[in-house]
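Residue-level structure breakdown
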Amino acid sequence: MVRIVGAVLAGYVAIGVLVVLTDLIFAAVIPGFRAMAAPPLYYFVIVTCTNTLYSMAGGYLCAMIAGASARKATLGLMIFGEVMGIGSTILQWHAQPHWSALALLVLFPVAVWIGSRLRSGNAGGALASAAAAR
C-alpha cells in the first residue's frame, strides 16, 4: 500500500514540477509574460499539449514505481489528479478559458493511462484503445 501511495505522489509531483518549469520557461522567453493580465491564447494551447505529455510521463513514472501494483497506482493517480484538477478548475474558472480547463480534465486520465500502459509494455493496445475512444 505504501508503494502505491508513493507511486501516486511521485507521478503527481513529477507532473507538477514539469508544469511549473514550463511556466518558468514562458516567463523567461516571453517579455512581459508575468505582467500580462491574461496569457495569450497560444499559451493555453501549448500548455494543454505539454500538460498532456507530462501526464503521460507521470503515469509512466507511477507505473514504474508501483511495479506489480501499477494498475491500482495508475487508478489512484487518475482519481487524485482529477480531484485536484476539479479544485483548480473551480478556483481558476474566471482566469482561464473554460475549454482549456475542461480539456485538461478530460485529457489527464487518458494520458496517465497511456503513460502507464507504455511502461507495462502494452502501448499498442493503449494507443489503439485511446484512438477508438475518440
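What comes next concerns the included structure.

Definitions and cut-offs
- Residues numbered from 1 in each chain as written.
- Predicted model: local features only at pLDDT ≥ 70, side-chain atom pairs only at ≥ 80, totals over all residues.
- Heavy atoms only, no water.
- Helix = DSSP H or I, 4+ residues; strand = E, 2+ residues; numbered from the N terminus.
- Rg over C-alpha atoms; globule rule 2.2 N^0.38 Å.
- Buried < 20%, exposed > 50% of the residue type's maximum accessible area, 1.4 Å probe, protein only.
- Areas by Shrake-Rupley, 256 points an atom, 1.4 Å probe, with all protein chains shown as cover.
- Core = buried A, V, L, I, M, F, W, Y, C linked by side-chain atoms within 4.5 Å.
- Contact = heavy atoms within 4.5 Å.
- Polar contact = N/O pair within 3.5 Å; in protein donor to acceptor, adjacent residues only side chain to side chain.
- Expected span 1.5 Å × (residues − 1).
- Bend = angle between axes of the 7 residues up to and from the residue.

Focus on the overall build of the chain
The helix and strand inventory of the chain stands at five helices and zero strands. Its C-alpha radius of gyration of 15 Å places the chain within 12% of the 14 Å reference for a compact globule of 134 residues. Along the longest, intermediate and shortest principal axes, the C-alpha atoms of the chain span 45 × 35 × 25 Å. The buried share among the 134 residues of the chain stands at 36%. Summing over all exposed atoms, the chain offers an accessible surface of approximately 7,800 Å²; the carbon and sulfur share of this is 73%.

Topic: the nonpolar core
Grouped together as the largest cluster of nonpolar side chains are 14 residues, with contacts concentrated most on V8, C62, A73 and L77. Put simply, the parts of the chain that give this core at least two residues each are α1 (2-29), α2 (41-66), α3 (70-91) and α4 (98-120). With sequence-adjacent residues up to four places away left out, L77 is seen in contact with V8, G11, Y12, G58, G59, C62, F108 and V112. Ranked by size, the runner-up nonpolar core spans seven residues in total, among them F26, A27, F33 and Y43.

Considering the environment of T50
Relative to the helices and strands, T50 is located in helix α2. In terms of polar contacts, T50 uses its side chain to reach the backbone carbonyl oxygen of V47, at 3.3 Å.

Points about the side chain of T74
Within the secondary structure, T74 is located in helix α3. Taking the relative accessible area as the measure of exposure, T74 reaches 3% and is therefore buried. With residues near it in sequence (within four places) discarded, T74 still touches C62, A63, V112, W113 and S116.

Describing α4
Under the 1.5 Å per step criterion, the end-to-end length of α4 is 34 Å for 23 residues, consistent within 8% with the ideal 33 Å. Along its length, α4 shows its largest kink, about 30°, at L107, and proline P109 lies within four residues downstream of that point. Every buried residue belonging to α4 is among S100, A101, L105, F108, P109, A111, V112, I114, G115, S116 and R117, and all of these are buried. Phi turns positive one or two residues past the end of α4, at G121, with a value near 90°.

Honestly, that's just the spatial picture; any functional story needs more than this.
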